[in-house]
Amino acid sequence: MNGALPFIAAAALLALVLGFLARRGKDMNLEQWTVGGRGFGALFVFVLLAGEIYTTFTFLGGSGFAYGKGAPAYYILCYGTLAYVISYFMLPPIWRYAKEHRLYSQSDFFVRKYDSPALGVIVALVDIVALIPYLVLQFKGLGIIVEIAGYGAISSTVAIWIGAAVVAAYVMVSGVHGSAWTAVAKDTMILVVVVFLGIYLPVHFYGGFGPMFTAIEQAKPGFTALPPHGESLWWFSSTVLLTALGFYTWPHTFASIYTAKGASALRKNAVFLPLYQLILLFVFFVGFAATLQVPGLTGSNIDLALFKLSAKTFDPWFVGVVGATGVLTALVPGSMIMMTAATLIANNLYRTVNPSADDRQVSLLAKLLVPVVALVAVFFTLKGGETIVALLLMGYSFVTQLFPALVLSLARRNFATREGATAGIIAGVATVAAVSLTGTNFHTLPWLPPQIQDLNIGIVALAVNFVVLIVVSLATRRATAPASAAAE
Amino acid sequence: MHSIRWLAVIPFLALIIGPFFVNRVTPFVLGLPFLLAWIVAWILLTSLIMAVIYANDPANQEDEP
């Protein structure tokens, strides 16, 4: 037993208790379980949206990125901000349509808009293939955090099993209500802990932000601006644009739009979420502070920068508090992902095969699938090798492929036909898979100008997707009545 | 009224095109490297822009129940 463990255990217990309490007074039918009865006000929607963004990736990866690479990490600040701007215009029509048609999942949205159950199945499959590695990433982060913050008293394997069991239990009982309640606890803690670390560490080690960045500039000239090659300006801008577009196509983020009570809650959040994005700035400060204080971490170990520096600076009990915060950053997004994946399988795969299933059966199946999803993710976390890493890198690019068909469907007259949307998504996803699995990027094409070489390769998949969508839509438009007529 | 919504284009210009003109470490602004200070300033301004759009959006007056 050491000083850190009680805090980490308390975090897991807190999540469990809040997760169970969230159920009180609700009849947990499918609508309550998966979209909170469409009754969440601005605050709950805020913590859900923020809860999905501030994951272990933010906590470990954000600080590690700043530690290991410097300025390229800024892209994380930018893409979220732009995604919120898009959200102001994009989310209210999605919300309204989902409410009118009583939709539960992202796949439902495509089924309705394009009047195509087949497209729904494709979207559900793309979603699940992207979600499982994302869940694995959370579990991996959880294992690392508990092992380091607990000074090795609990192995990462044990931590992953316990974490998965806690989340699966409260998701089964309370669904999205559990996620929202635990997200409130998580966001309060992360706000306090990260802002404290981001201010204390630079002041403690360097005497302030200015002196810290001066010291970094002396030791590593140019580290805090973008490099001329590789992760250059061209990489930065193309990546910010791509990831901003893909932001709300994540199925668990998409489903949390449905939980809103009204459209103005979504618009209000577009005003406040950019400010909340600044938490990342403090995460970066921690990473920058670590650059000169705990040098020498390389490869995937750069993600340990925050905890290495905390362990060097603070008493074990406070490392425990940081660890507890880290645990919550894994559990909350984990709960959303599990619930979304289980809903997709039950509602969009099973119900397609067995259309006579009623809501009660689908709801029961979804809840029973939660521990199954958790087990699959734990299996990949503990056993997964290269495959899962490849999938992780592909996940974001996969869901981004849903963007063109989604955005066009919001127009009054949808240009894209059912066939066009389907073909575009398939072409885009196939391009992502081909590019990722063969390790292609523009750098392997030496005849291209260097600016183009630095562009994010995801641009290609999105372009292929869009071109196929247009061509197939034009071809099928004359043959059949436009899908938009059926959808509207 | 509708034209105010076009303000939303500005953050994209500032954060996607803008960095090409401000990719430098110095001068420091409030202790931050120049590029980082630029980005942080535009995040604050983005929030402000969205607040202006929100305040002028008729959709928020006739809100859904």
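Visitor: What's the story with the overall build of chain B in this structure? I'm lost.
Guide: Counting its secondary structure elements, chain B contains 3 helices and 0 strands. Listed N to C, the secondary structure of chain B is α-α-α in terms of helices and strands. By residue count, 28% of the 65 residues in chain B fall in the buried class.

Visitor: Please clarify how the overall build of chain A should be interpreted in this entry.
Guide: Counting secondary structure elements, chain A contains 23 helices and 0 strands. Against the compact-globule benchmark of 23 Å for 488 residues, chain A has a radius of gyration of 22 Å, which places it among compact chains. Projected onto its principal axes, the C-alpha coordinates of chain A cover approximately 70 × 60 × 40 Å. The buried share of chain A, taken over its 488 residues, is 60%. Taking the intrachain contacts of chain A between residues at least 6 apart in sequence as the baseline, contacts between residues at least 24 apart amount to 84%.

Visitor: Which parts of the structure should I look at to understand the domain arrangement of chain A?
Guide: It is common to give the size of an interface as the accessible area that goes away when the parts come together. Residue and element names in this part refer to chain A. What the domain assignment reports for chain A is domain 1 (5-389) and domain 2 (401-488). Just the C-alpha atoms count here: the centres of domain 1 and domain 2 sit 27 Å apart. In this complex, domain 1 contributes 24 residues to the contact, which on the side of domain 2 involves 23 residues. Counting residues per element, the ones that place at least two in the side of domain 1 that touches domain 2 are α5 (75-100), α6 (106-113), α7 (117-149) and α11 (233-246). Ranked by the residues each element gives to the side of domain 1 that touches domain 2, the list is headed by α11, at 7 residues. Of the residues belonging to the side of domain 1 that touches domain 2, the class tally is 13 nonpolar, 8 polar and 3 charged.

Visitor: How should the interface of chain A and chain B be read in this particular structure?
Guide: Across the contact, 34 residues belong to chain A and 30 residues belong to chain B. Within the residue set of the side of chain A that touches chain B, elements represented by two or more residues are α5, α10 (209-219), α11 and α13 (263-276) of chain A. The biggest single contributor to the side of chain A that touches chain B is α13(A), with 8 residues. Of the residues contributing to the side of chain A that touches chain B, the split by class is 22 nonpolar, 9 polar and 3 charged.

Visitor: What is the right way to read the nonpolar core from this model?
Guide: Most often, soluble globular proteins have nonpolar side chains that are buried together. All names here are of chain A. Core analysis: the largest hydrophobic core is formed by 197 residues, its most contacted members being Val 327 and Met 338. Of the residues forming this core, the biggest block, 19 residues, is contributed by α7. Two domains each provide a minimum of three residues to this core, namely domain 1 (5-389) and domain 2 (401-488).

Visitor: Please clarify how α10(A) should be interpreted in this entry.
Guide: At 3.6 residues per turn, the α-helix brings residues three or four places apart onto the same side. Residue and element names in this part refer to chain A. Among the residues of α10, Phe 209, Met 212, Phe 213 and Ile 216 are the ones counted as buried. Along the long axis of α10, the arc covered by the buried residues comes to 90°, so they all point the same way. At its buried positions, α10 is contacted by α9 (176-206) and α14 (279-293).

Visitor: Whenever I open this one, the packing of helix α4 (residues 56-69) of chain A against helix α16 (residues 316-353) of chain A confuses me. Can you help?
Guide: Two packed helices can be described by the angle between their axes and the distance between those axes. Residues and elements named next belong to chain A. In the contact formed by α4 and α16, the axes pass within 7 Å of each other and the chain directions differ by 125°. Taken as axis vectors, α4 and α16 run oblique relative to one another. For the pair α4 and α16, contact is made by Thr 56, Thr 58 and Phe 59 and by Gly 326, Thr 329 and Ala 330, respectively. Among the residues forming the contact of α4 with α16, the class breakdown is 2 nonpolar, 4 polar and no charged.

Visitor: Got a minute to help me understand the environment of B:Leu45 in this structure?
Guide: In this fold, B:Leu45 is placed in helix α3 (residues 34-55). Here the alpha-carbon distance between B:Leu45 and B:Asn60, two residues 15 residues apart in the chain, equals 21 Å.

Visitor: Got a minute to help me understand the packing of α5(A) against α3(B) in this structure?
Guide: Between α5(A) and α3(B), the least distance of the axes is 10 Å, while the angle of their chain directions is 10°. It follows that α5(A) is roughly parallel to α3(B) by the angle criterion. Residues A:Leu77, A:Cys78, A:Thr81, A:Val85 and A:Tyr88 of α5(A) lie in contact with α3(B), whose contacting residues are B:Ile39, B:Ile43, B:Thr46, B:Met50 and B:Ile53.

Visitor: How should the confidence of the model for chain B be read in this particular structure?
Guide: Should the pLDDT be low somewhere, the predicted coordinates at that spot are not to be read in detail. Residue and element names in this part refer to chain B. Across chain B, the average pLDDT comes to 86, with 89% of residues at or above 70. Summarising per-element confidence for chain B, the mean pLDDT is lowest in helix α2 (residues 19-22) (89) and highest in α3 (93). Scored as a whole, the predicted complex attains pTM 0.88, and scored at its interfaces, ipTM 0.92.

Visitor: Sorry, what's going on with the environment of A:Pro295 here?
Guide: By the secondary structure assignment, A:Pro295 is in the loop between α14 and α15 (305-313). Along the sequence, A:Pro295 and A:Gly68 sit 227 residues apart, while their C-alpha atoms lie 9.3 Å from each other.

Visitor: Quick question: what am I supposed to make of unusual backbone geometry here?
Guide: Working note: non-glycine residues mostly have negative phi, and peptide bonds are mostly trans. A cis amide bond links B:Thr26 to the next residue, B:Pro27, at an omega of 0°. Summarising the element assignment, B:Pro27 is placed in the loop between α2 and α3.

Visitor: Just to check I follow, could you spell out α6(A) for this structure?
Guide: Residues and elements named next belong to chain A. Most of α6 is tucked away, with 7 of its 8 residues classed as buried. Within the sequence span of α6, burial applies to Gln 106, Ser 107, Asp 108, Phe 109, Phe 110, Val 111 and Lys 113. A positive phi of about 50° marks Asp 115, the residue just after α6.

So, how was this worked out
- Residues numbered from 1 in each chain as written.
- Chains lettered and ligands numbered in written order.
- Predicted model: local features only at pLDDT ≥ 70, side-chain atom pairs only at ≥ 80, totals over all residues.
- Helix = DSSP H or I, 4+ residues; strand = E, 2+ residues; numbered from the N terminus.
- Buried ≥ 20, exposed ≤ 12 C-beta atoms within 10 Å, placed from the backbone.
- Rg over C-alpha atoms; globule rule 2.2 N^0.38 Å.
- Contact = placed C-beta atoms within 7 Å.
- Domains from an automatic or database assignment.
- Nonpolar A, V, L, I, M, F, W, Y, C, P; charged D, E, K, R; others polar.
- Core = buried A, V, L, I, M, F, W, Y, C linked by C-beta atoms within 7 Å.
- Arc of directions from axis to C-beta.
- Axes fitted to C-alpha atoms, helices over the stretch in contact; angles between N-to-C directions.
- Parallel < 35°, antiparallel > 145°, perpendicular 65-115°, else oblique.
- pLDDT = per-residue confidence, 0-100.

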